[in-house]
Amino acid sequence: MAPLPTAAVSRTLAQAVRRNTSQSAVRALSSTAARSVIASGEASDTYQSPFKGHSAANKIPDFSKYMLPNGASNQMIGYFMVGTLGAISAAGAKSTVQEFLKNMAASADVLAMAKVEVDLAAIPEGKNVIIKWRGKPVFIRHRTAGEIEEANKVNISSLRDPQADEDRVKKPEWLIMLGVCTHLGCVPIGEAGDYGGWFCPCHGSHYDISGRIRKGPAPLNLEIPEYDFPEEDKLVIG
Ligand code: FES
């Protein structure tokens, strides 16, 4: 290849130096303009190009009609958001609590077992009836006048678990007790034992006609459950 003439090489080098110099100048001018805007703290609504002329593309669009008036704030939107979130949270909490209580509530069959209604007219005087309530036997005794008198004449201070007969009944003729021996939980037998009441054959506890422990290992009288007489001949246990 033939060598370039010296004049041509010089011309090419001179053009390259001119091009580089003008690009650096452009960059310097551009950054100087930007710095001067930032330093002055003023944002003009028009971008002033340091280069040739002005055109529509240089103009920043006018957003003033979308802006809030001077001094106004977004408080209403804030209140709305807080109120809405509060309402949603409250509804969620209410639903959770409702579901929890629904699960905790007794079912219909459990409620049915909680109370037992007994027709007292069907129980003759001097007879025992045993019913089942909450899985336990309940003794219902229609006591005679003689049995009531016998229960009342006992010296309370001589009893292992001192309790007057009148404190164990709501109506003297009706004795209602849990049929569970207070020793170890056997079911005593009615109209048996040394005191004319109930006898527990498991370990030999004797209860009198008021269901009070009189002899044997049982420490306490037969327990009295919750009951009521809503009508003359009606008994509700529970
Ligand atoms: S369980 Fe009744 S005497 Fe022991």
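Above this text is the structure in question.
These numbers were taken from a predicted model, which means no experiment stands behind them. (Residues numbered from 1 in each chain as written. Predicted model: local features only at pLDDT ≥ 70, side-chain atom pairs only at ≥ 80, totals over all residues. Heavy atoms only, no water.)

## Notes on the sheet that holds strand β1 (residues 116–119)
- If you walk across this open sheet you meet the three strands as β1-β10-β9, and the pairing is antiparallel. The sheet is open, and its two borders are formed by β1 and β9 (227–231), each paired with just one other strand. Looking at each pair of strands side by side, their axes are set apart by 30° on average, direction ignored.
- Looking at chain direction, β1 and strand β10 (residues 234–237) are connected through four bridges and run antiparallel. The residue of β10 that forms the bridge with Val118 is Leu235. (Pairing = 2+ DSSP bridges. Helix = DSSP H or I, 4+ residues; strand = E, 2+ residues; numbered from the N terminus. Axes fitted to C-alpha atoms, helices over the stretch in contact; angles between N-to-C directions.)

## Comments concerning the pattern of salt bridges
- Enumeration according to the criterion identifies eight salt bridges in this entry.
- Notably, a salt bridge pairs Asp194 with Lys215, separated by 2.4 Å at the nearest N-O pair. Residue Asp194 is located in the loop between β5 (189–190) and β6 (196–200), and its partner Lys215 is located in strand β8 (residues 213–215); the two are separated by 21 residues in the primary sequence.
- With a relative accessible area of 48%, Asp194 lands in the partly exposed category.
- Where Asp208 meets Arg212, a salt bridge forms, and the shortest distance between an N and an O atom there is 3.1 Å.
- Residue classification places Asp208 among the buried positions, given a relative accessible area of 2%.
- What emerges from the salt-bridge pattern is a single network uniting Glu117, Glu231 and Lys234. (Salt bridge = Lys/Arg side-chain N within 4 Å of Asp/Glu carboxyl O. Buried < 20%, exposed > 50% of the residue type's maximum accessible area, 1.4 Å probe, protein only.)

## Some details on the state of the cysteines
- The final tally for this structure, using the stated rule, is one disulfide.
- Disulfide partner of Cys186: Cys202, at an S-S distance of 1.9 Å. Its torsion about the S-S bond being -100°, the disulfide of Cys186 and Cys202 is classed as left-handed. Of this pair, Cys186 sits in the loop between β4 (174–178) and β5 while Cys202 sits in the loop between β6 and β7 (205–208); the two residues are 16 residues apart in sequence, bridging distant segments of the chain.
- Residue classification places Cys186 among the partly exposed positions, given a relative accessible area of 21%.
- Owing to a relative accessible area of 36%, Cys202 belongs among the partly exposed residues under this scheme. (Disulfide = S-S within 2.5 Å.)

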